[in-house]
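Each chain, letter by letter, is given below.
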There are 2 protein chains.
Amino acid sequence: MQEKLSSSLEDYLEVICNHIDKNKTVRAVDISKKLNVSRASVTEALKKLASKDMLLYDRYGSITMTEKGIKEAQRVVSKHTSLQKFFEKVLGLETEEASQNACRIEHVISEKAFEKISEFTENYIK
Amino acid sequence: MQEKLSSSLEDYLEVICNHIDKNKTVRAVDISKKLNVSRASVTEALKKLASKDMLLYDRYGSITMTEKGIKEAQRVVSKHTSLQKFFEKVLGLETEEASQNACRIEHVISEKAFEKISEFTENYIK
DNA sequence: ACAAAATGTTAGGCCTACCTTACAATATTC
DNA sequence: GAATATTGTAAGGTAGGCCTAACATTTTGT
């Protein structure tokens with residue numbers, strides 16, 4: 001399968017990556033709770049991510065991220081982190097609100113705009 | 001019908017409003033060109049917007065915005081304008097890139113975050 | 001070890017937003 | 001005032017992303 005992930009799949013990947021970092025493993029039900037979607041939707045997303053070589057898994061088996069998946073997830077997570085920092089430290093939003101905005105904007109902002117925001121934030125908080 | 005518009009419908013409304021402002025009228029084909037979608041998709045969107053009382057139109061008739069539609073469009077347009085200003089004046093992006101980012105982010109940013117960005121931009125360029 | 005509970009999957013359906021193709025109505029132009 | 005070009009619509013299809021209900025598998029507790 002091809003590369004570019006949808007916003008939705010990026011969200012799944014991000015959650016999976018974060019959960020594994022914290023707990024070593026991740027189950028469909030964890031993802032389902034975190035994203036407020038049904039377990040069935042998680043299964044569907046996992047199939048898609050697997051078909052795009054972002055992770056490995058088989059029916060009832062455990063979920064493992066591939067190199068490619070990890071790289072992709074890190075790209076998304078780092079975007080999230082920087083945006084969140086901007087909303088919190090520069091604009092002064094509450095953590096929760098900053099996170100929610102970061103989560104939605106990370107999928108649609110351009111590379112260039114993202115880099116500018118990061119730079120700006122770093123200079124600003126110095 | 002109910003209120004809240006999807007990102008997509010917000011885009012249609014914005015284009016319609018801008019086009020009317022500039023040219024007095026707007027046709028389906030203008031919208032289609034501006035948004036890079038088929039004329040058929042425009043018809044579909046117009047039906048939805050009409051059902052939500054955002055505009056008036058009938059088969060082969062001309063398109064007129066309602067009070068409600070104008071209000072809604074202005075809300076979206078003003079968001080777009082402020083965000084664009086932020087990307088251009090604060091971050092230093094090219095006009096085109098700033099506009100594209102504004103266009104995508106305007107649909108997902110929270111009210112509070114938007115207000116903060118506007119304020120910040122105004123203070124910054126002073 | 002085996003019943004009960006938790007978790008995962010499948011099937012089938014819904015909605016949005018897009019498309020193409022074919023046809024209908026309106027505008028233009030000779 | 002036709003013929004032609006432009007514009008608008010209807011029908012039917014695709015794809016993504018979600019759902020519920022029913023069923024399969026695995027885990028847990030005694």
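Residues numbered from 1 in each chain as written. Chains lettered and ligands numbered in written order. Predicted model: local features only at pLDDT ≥ 70, side-chain atom pairs only at ≥ 80, totals over all residues. Heavy atoms only, no water.

## Topic: the protein's contact with DNA strand D
Close to DNA strand D lie 21 residues; A:Ser6, A:Ser38, A:Ser41, B:Arg27 and B:Val29 are nearest. Put simply, 66% of the atoms of DNA strand D that lie within 4 Å of the protein are in sugar or phosphate. B:Arg39 is positioned such that a nitrogen or oxygen atom in its side chain is 3.2 Å from a base oxygen of DNA strand D. Taking B:Thr43, its side chain carries an N or O atom lying 3.0 Å from a phosphate oxygen of DNA strand D. (Near = heavy atom within 4 Å. Polar contact = N/O pair within 3.5 Å; in protein donor to acceptor, adjacent residues only side chain to side chain.)

## Observations concerning empty space enclosed by the protein
Following the criterion strictly, the structure yields one cavity of 30 Å³ or more and no others. Of the pockets and cavities examined, the largest cavity occupies roughly 60 Å³. If you go around the largest cavity, the residues you meet are A:Leu83, A:Phe86, A:Phe87, A:Ile105, A:Ile109, A:Ile117, B:Leu83, B:Phe86, B:Phe87, B:Ile105, B:Ile109 and B:Ile117. Secondary-structure elements contributing two or more residues to the lining of the largest cavity are α4 (67-90) of chain A together with α4 (67-90) of chain B. Residues belonging to the lining of the largest cavity are distributed by class as follows: 12 nonpolar, no polar and no charged. (1 Å grid on protein atoms, 1.4 Å probe; cavity = no way out; pocket = protein on both sides within 12 Å on 5 of 7 lines; lining within 4 Å. Points joined across faces, edges and corners; volume = space filled by probe spheres on them. Helix = DSSP H or I, 4+ residues; strand = E, 2+ residues; numbered from the N terminus. Nonpolar A, V, L, I, M, F, W, Y, C, P; charged D, E, K, R; others polar.)

## Description of the domain arrangement of chain A
Residues and elements named next belong to chain A. When cut into domains, chain A gives domain 1 (7-71) and domain 2 (74-124). Taking the mean C-alpha position of each, domain 1 and domain 2 sit 23 Å from one another. Tallying the contact residues gives seven residues for domain 1 and eight residues for domain 2. The contact between domain 1 and domain 2 buries some 730 Å² in all, and 46% of this surface belongs to carbon and sulfur atoms. Among the residues of domain 1 in contact with domain 2, Glu10, Glu14 and Lys71 are the three that bury the most area, contributing 59% of the side total. At the surface where domain 1 touches domain 2, the tally comes to one salt bridge. (Domains from an automatic or database assignment. Contact = heavy atoms within 4.5 Å. Buried area = accessible area lost by both parts, 1.4 Å probe. Salt bridge = Lys/Arg side-chain N within 4 Å of Asp/Glu carboxyl O.)

## Let's talk about the layout of surface pockets
Residues and elements named next belong to chain B. Approximately 580 Å³ is the volume attributed to the largest pocket. The wall of the largest pocket is formed by 18 residues, among which Val15, Lys34, His80, Ser99 and Cys103 lie closest to the centre. Residue assignment for the lining of the largest pocket shows that the elements contributing at least two residues are α1 (7-23), α2 (28-35), α4 and α5 (95-105). At seven residues, the largest contribution of residues to the lining of the largest pocket is made by α1.

## Focus on helix α1 (residues 7-23) of chain A
All names here are of chain A. Under the 1.5 Å per step criterion, the end-to-end length of α1 is 24 Å for 17 residues, consistent within 8% with the ideal 24 Å. What α1 keeps buried is the set Leu9, Glu10, Asp11, Tyr12, Leu13, Glu14, Val15, Ile16, Cys17 and Ile20. Elements that come into contact with the buried residues of α1 comprise α2 (28-35), α3 (39-51), β1 (55-56), β2 (64-65), α4 and α5 (95-105). Looking at the residues trailing α1, positive phi occurs at Lys24, about 75°. (Expected span 1.5 Å × (residues − 1). Buried < 20%, exposed > 50% of the residue type's maximum accessible area, 1.4 Å probe, protein only.)

## Focus: the interface of chain A and chain B
Each partner contributes residues to the interface: chain A has 19 residues there, and chain B has 19 residues. Summed over both sides, the interface of chain A with chain B buries roughly 1700 Å², with 70% coming from carbon and sulfur. It is A:Leu91, A:Val108 and A:Phe120 in chain A that bury the most area against chain B; as a group they hold 30% of the surface buried on that side. Linking chain A with chain B are one salt bridge, by the criterion used here. Across the pair A:Glu97 and B:Lys112 runs a salt bridge, and its minimum N-O distance is 4.0 Å. Broken down by secondary-structure element, the contributors of at least two residues to the side of chain A that touches chain B are α4, α5 and α6 (111-125) of chain A. The leading source of residues in the side of chain A that touches chain B is α6(A), at six residues.

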